[in-house]
Amino acid sequence: MKTIIIPGSKSIAARALVCRLLSGHDTVFTNLPDCGDTRGMLRLTEAVRQALSTNTPAKVDIGEGGTTLRFGMAACASIPGLDITLIGSPRLMERPHGILLDALRKMGAEISPIPSENAIHIKGHSLAGGILQLDGSVSSQYLSALMLAAPTWESDTIIQLTGDVVSRPYIEMTAGVMHAFGADVSIEESSVLVRATGYAQCARYDIEGDWSGASYFFETRLIAKALGINLPDFDMPTLKSPSESLQGDSRVAAIFAEANRCLLNDQRSTINDQRFSQNAPRTTHHAMLLNLNDAPDLVPAIAVAFCVADIPFKIEGVAHLRHKETDRMEALSTELRRLGYVLTTGDDTMAWDGKRCEPEPSPLIRTYQDHRMAMAFAPAKLAFPTLQIEDPTVVNKSFPDFWKEIAKIMVNDE
């Protein structure tokens, strides 16, 4: 039995670090992930504390971290007297932030983008609170950023949501972390209420293992089974059970369990998933149907795994994949074609019906500066031994030890 060490969830860590910053107290973290995103958030929180203690302006490089930028904008704008400039990569600053900027400015925030420097300048104030309307169809991080900052505002805040809210489990994750730090927040179907009660001290916070990071190991096991390769058994002890986890991505265990049952029964049957869109057909011939609106980070592992395992699929609810580190719908379609799989994409869907093309003899998978592209294609090497990953170091964003951990099982156990 091999033990795979899955790092702590960077999503949970980011939320907990913001709560600690806004509480003004110290917190001891266990299983804090040592990855690019978390290091960016740590640099930000340390720069804020330094600027406040010395009463001087600060500049901080947050790198590629979209979560750090969005959470950081809301938190920094809510700290009176703070003067800080956040500097990110060109790709990060190209990603959409207007919805969050508009919402913060309505609360009285002073935020000035500096496009020529890939930067955003923020002067912190005591923000008003009150009633906000927010389009929830682009990114749940806008809502999470506002939720995390709102306990410090002058009055209770009601955030009214419009559009089809994406990645709702991440909103619930935000509320769960906030509760641990003493915040008063409640979520309804189309609104969120945050009381202006501030944060309390949380002396210790344990960060659970990252289920999205675990998805690539479920992927490896499925591909090996489909190819008849015997890999070592393994466990992932840092993960919480799906019933206890704050992460919507814990669904991955059930999804791959169903896929393995399909292989066991030698059929490509339809997964019974209650998260279909209302108007979508509940069955399709020989394909697995999934709505991953609430778990978009699972799409790369699932798409690659199902193609290589010869399981046709249709994934709905994934329009927001176009706004990730790269356009993941386009990137996955392009790179899977190198392996001989022809995907179709729509505004909100990605599917593979079994159509093939000639694979490249020595495919070089481009990663587009996207950690999930590298990790999702790594297990495909079981089927394509000449496959190479363009930039293996891109995994440092979320899982620096990925190559070390996956090497434990990418061997034939005979």
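Conventions adopted
Residues numbered from 1 in each chain as written. Predicted model: local features only at pLDDT ≥ 70, side-chain atom pairs only at ≥ 80, totals over all residues. Heavy atoms only, no water. Helix = DSSP H or I, 4+ residues; strand = E, 2+ residues; numbered from the N terminus. Rg over C-alpha atoms; globule rule 2.2 N^0.38 Å. Buried < 20%, exposed > 50% of the residue type's maximum accessible area, 1.4 Å probe, protein only. Contact = heavy atoms within 4.5 Å. Areas by Shrake-Rupley, 256 points an atom, 1.4 Å probe, with all protein chains shown as cover. Lys, Arg positive; Asp, Glu negative; His and termini not counted. Charge placed at Lys NZ, Arg CZ, Asp CG, Glu CD. Phe/Tyr/Trp six-rings, centres within 6.5 Å; stacked < 30°, edge-to-face > 60°. Pairing = 2+ DSSP bridges. Axes fitted to C-alpha atoms, helices over the stretch in contact; angles between N-to-C directions. Polar contact = N/O pair within 3.5 Å; in protein donor to acceptor, adjacent residues only side chain to side chain. Parallel < 35°, antiparallel > 145°, perpendicular 65-115°, else oblique. Left-handed = near helix turned anticlockwise from the far one by under 90°. Nonpolar A, V, L, I, M, F, W, Y, C, P; charged D, E, K, R; others polar. Salt bridge = Lys/Arg side-chain N within 4 Å of Asp/Glu carboxyl O. Core = buried A, V, L, I, M, F, W, Y, C linked by side-chain atoms within 4.5 Å.

Asker: An account of the overall build of the protein chain is requested, with residue identities and associated values reported.
Answerer: Each helix and strand in the protein chain was counted, giving 13 helices and 18 strands. The C-alpha atoms of the protein chain give a radius of gyration of 22 Å, which matches the 22 Å a tight globule of 414 residues would have. If you line up the protein chain on its principal axes, its C-alpha atoms span 60 × 45 × 40 Å. A buried classification covers 57% of the 414 residues belonging to the protein chain. Long-range pairs, those at least 24 residues apart, make up 75% of the contacts in the protein chain with a sequence separation of at least 6. Summing over all exposed atoms, the protein chain offers an accessible surface of approximately 16500 Å²; the carbon and sulfur share of this is 48%. When the 39 positive and 50 negative side-chain charges of the protein chain are each reduced to one mean point, those points stand 1 Å apart.

Asker: Could you give me a rundown of the packing of aromatic side chains, with the residues and numbers involved?
Answerer: In this structure the tally under the stated criterion is 14 aromatic pairs. When the centroid spacing of 6.0 Å and the interplanar angle of 70° are considered together, the rings of F256 and F306 count as edge-to-face. Here F306 lies in helix α10 (residues 299-308) and F256 lies in helix α9 (residues 252-264), a separation of 50 residues in the sequence. Pair check on accessibility: F256 and F306 agree, each one buried. Chaining the aromatic ring pairs together yields one cluster made of Y216, F217, F234, F399, F402 and W403.

Asker: Summarise the sheet that holds strand β3 (residues 58-63); cite the residues concerned and give the values.
Answerer: The sheet built from 4 strands is open, its strands ordered β3-β4-β6-β5 with mixed pairing. Each edge of the open sheet carries a strand with a single partner, namely β3 and β5 (110-114). Adjacent strand axes in the sheet meet at a mean angle of 20° when their direction is disregarded. Note: β3 against strand β4 (residues 83-88), 5 bridges, orientation parallel. Within β4, the residue paired with A58 across the bridge is I84. Across the sheet, helix α2 (residues 36-54) lies against β3 and β4, angled at about 175° from β3, the strand it touches most.

Asker: Any details on the side chain of S333? Residues and values, ideally.
Answerer: Checked against the element boundaries, S333 lands in helix α11 (residues 328-338). A polar atom in the side chain of S333 sits 2.9 Å from the backbone oxygen of M329.

Asker: Outline the packing of α10 against α11, listing residues and values.
Answerer: It is at 11 Å that the axes of α10 and α11 come closest, and there the two elements cross at 25°. By the angle between their directions, the pair α10 and α11 is classed as roughly parallel. Between α10 and α11 the crossing geometry is right-handed. Where α10 approaches α11, its residues V299, P300, A303, V304 and C307 are matched on the opposing element by R328, L332 and L336. Per-class residue counts for the contact of α10 with α11 are 7 nonpolar, no polar and 1 charged.

Asker: So, the pattern of salt bridges: which residues are in play, and what are the values?
Answerer: Applying the stated rule across the entire model yields 17 salt bridges. Where R195 meets D156, a salt bridge forms, and the shortest distance between an N and an O atom there is 2.8 Å. Here R195 is found in the loop between β10 (191-194) and β11 (204-206), whereas its partner D156 is found in the loop between α6 (140-149) and β8 (157-162), with 39 residues between them in sequence. The exposure class assigned to R195 is partly exposed, which follows from its relative accessible area of 34%. A relative accessible area of 32% means that D156 is categorised as partly exposed. For R251, the salt bridge goes to D294, with nearest N and O atoms at 2.6 Å. Of this pair, R251 sits in the loop between β12 (234-235) and α9 while D294 sits in the loop between β13 (288-291) and α10, and the two are 43 residues apart along the sequence. Per residue, the accessibility class of R251 equals that of D294, and both read buried.

Asker: Break down the nonpolar core for me, citing the residues and quoting the values.
Answerer: For soluble globular proteins, nonpolar side chains are generally found buried alongside one another. Counting residues in each nonpolar core, the largest one holds 70 residues, and the members touching the most others are I84, L104 and M147. Here this core takes 9 residues from helix α1 (residues 10-23), the largest share from any one element. With near-sequence residues (within four places) excluded, L104 lies in contact with M73, A74, A109, I111, L127, L146 and W153. If you look at the next biggest cluster of nonpolar residues, it comprises 67 residues, including A259, A305, A309 and L336.

Asker: Lay out the pairing of β5 with the relevant residues and their values.
Answerer: Pairing of β5 with strand β6 (residues 119-123) involves 5 bridges; the strand directions are antiparallel. When the sheet's bridge partners are listed, I114 is paired in β6 with A119. What sits between β5 and β6 in their antiparallel hairpin is a turn of 4 residues, with N118 showing a positive phi close to 50°.

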